[in-house]
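Structural overview for review
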Amino acid sequence: MKKFSAFLLCVGFAFALTACGKDHGNSSESGGTKTSFYTVTSGYDYGFHIQDKPYMLYNDSRLFFELPEDHGEVVAGDTFTIEYTGELRINETYPSETYVLNGEIVSVTAQKAETVPLWCQVSENGAIEFYLRISECIIGEKVNVQTRPEYYLTNEKGEIGYEELTTAADGMVFYGTYSVTNGYDETDGYRLSGLYSWNVRGE
């Protein structure tokens with residue numbers, strides 16, 4: 001289960017770090033001001049932070065930045081690049097990680113996750129397989145899913161819940177979401193960040 005994560009934002013003054021920390025981000029310099037970039041990908045943690053409910057995390061951390069106003073609903077696999085000044089460190093204390101920024105967030109840009117419609121089938125040996133769902137009546141070729149969540153999200157009565165992905169999912173339709181940066185490879189297939197029982201993007 002993923003570790004509990006917390007974030008502290010410190011502007012204009014330094015914190016004395018009490019645990020071993022790591023510097024993060026790629027840097028650039030423009031107009032005499034040095035800025036760095038740190039990228040996080042959203043994904044769900046199931047039943048740990050909130051009992052029996054899915055909880056959205058960002059690189060295993062709680063949300064520690066403001067989302068772009070026009071982004072809309074966050075789905076698993078959305079990627080956010082944070083531009084900031086100063087120093088971003090992660091204290092790897094047990095059992096949590098603490099994000100510490102001695103500086104300011106300049107901007108946050110987003111790349112929305114891609115969505116692929118899938119039809120689930122359980123093979124004779126009990127393996128869960130996915131096929132491309134072309135339309136309501138047409139099922140396409142089998143797709144290679146390298147990694148996937150062990151749970152799928154449901155949306156009933158306006159509340160999001162989750163169910164374990166077992167052989168009971170045979171014949172179900174899912175919408176898999178994946179990061180545009182590293183969620184699909186022609187050779188290895190999909191690395192799914194989320195599985196939804198409804199078209200989460202509505203597109």
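Small disclaimer: the values here were computed from a predicted structure and weren't measured. (Residues numbered from 1 in each chain as written. Predicted model: local features only at pLDDT ≥ 70, side-chain atom pairs only at ≥ 80, totals over all residues. Heavy atoms only, no water.)

Thoughts on the packing of aromatic side chains
Overall, the coordinates contain 15 aromatic pairs when judged by the stated rule. Ring pairs connect the aromatic residues Tyr44, Tyr46, Tyr151, Tyr162, Tyr196 and Trp198, which therefore count as one cluster. (Phe/Tyr/Trp six-rings, centres within 6.5 Å; stacked < 30°, edge-to-face > 60°.)

Concerning the pairing of strand 11 (residues 128–133)
On a regular strand, one side chain projects to one face of the sheet and the next to the other, so that they alternate. Bridge count for strand 10 (residues 114–122) against strand 11 is five bridges, and the pairing is antiparallel. Along strand 11, the bridge assignment pairs Cys120 with Phe130. In this structure, the hairpin formed by strand 10 and strand 11 is closed by a connection of five residues, where Gly126 is found at a positive phi of approximately 90°. For strand 11 and strand 12 (residues 139–143), the ladder comprises three bridges, and the chain directions are antiparallel. Directly across from Arg133, in strand 12, lies its bridge partner Ile139. Adjacent in sequence and paired antiparallel, strand 11 and strand 12 are bridged by five residues. (Pairing = 2+ DSSP bridges. Helix = DSSP H or I, 4+ residues; strand = E, 2+ residues; numbered from the N terminus.)

Some points on the nonpolar core
Membership of the largest hydrophobic core comes to 25 residues, with the highest contact counts inside it found for Tyr38, Val40, Phe65 and Tyr196. Contributions of two or more residues to this core are made by strand 4 (33–46), strand 5 (54–58), strand 6 (79–85), strand 7 (87–92) and strand 8 (97–102). Here the element with the most residues in this core is strand 4; it accounts for four residues. Sequence-distant contacts of Val40, that is, excluding residues within four places in its chain, are made with Tyr58, Asn59, Phe64, Phe65, Asp78, Thr79, Phe80 and Ile82. Within the second largest apolar cluster, 16 residues are counted, among which are Val116, Val122, Ala169 and Tyr190. (Core = buried A, V, L, I, M, F, W, Y, C linked by side-chain atoms within 4.5 Å. Buried < 20%, exposed > 50% of the residue type's maximum accessible area, 1.4 Å probe, protein only. Contact = heavy atoms within 4.5 Å.)

Considerations on the environment of Asp45
Note that Asp45 resides in strand 4. When the C-alpha atoms of Asp45 and Tyr55 are compared, they prove to be 5.1 Å apart, with ten residues separating the residues in sequence.

As for the sheet that holds strand 13 (residues 145–147)
Spatial ordering of the open sheet is given by 13-18-17, a layout of three strands whose pairing is mixed. Strands at the two margins of the open sheet, each flanked by one partner only, are strand 13 and strand 17 (184–185). By the bridge criterion, two bridges tie strand 13 to strand 18 (residues 189–191) in an arrangement that is parallel. When the bridges of strand 18 are listed, Val145 appears paired with Tyr190.

So, the environment of Tyr178
By secondary structure assignment, the location of Tyr178 is in strand 16 (residues 173–178). Sequence separation between Tyr178 and Val116 is 62 residues, and the spatial gap between their C-alpha atoms is 8.3 Å. Among residues more than four places away in sequence, those in contact with Tyr178 are Ala76, Gly77, Ala113, Glu114, Thr115, Val116, Gly183, Tyr184, Tyr190, Arg191, Leu192 and Ser193.

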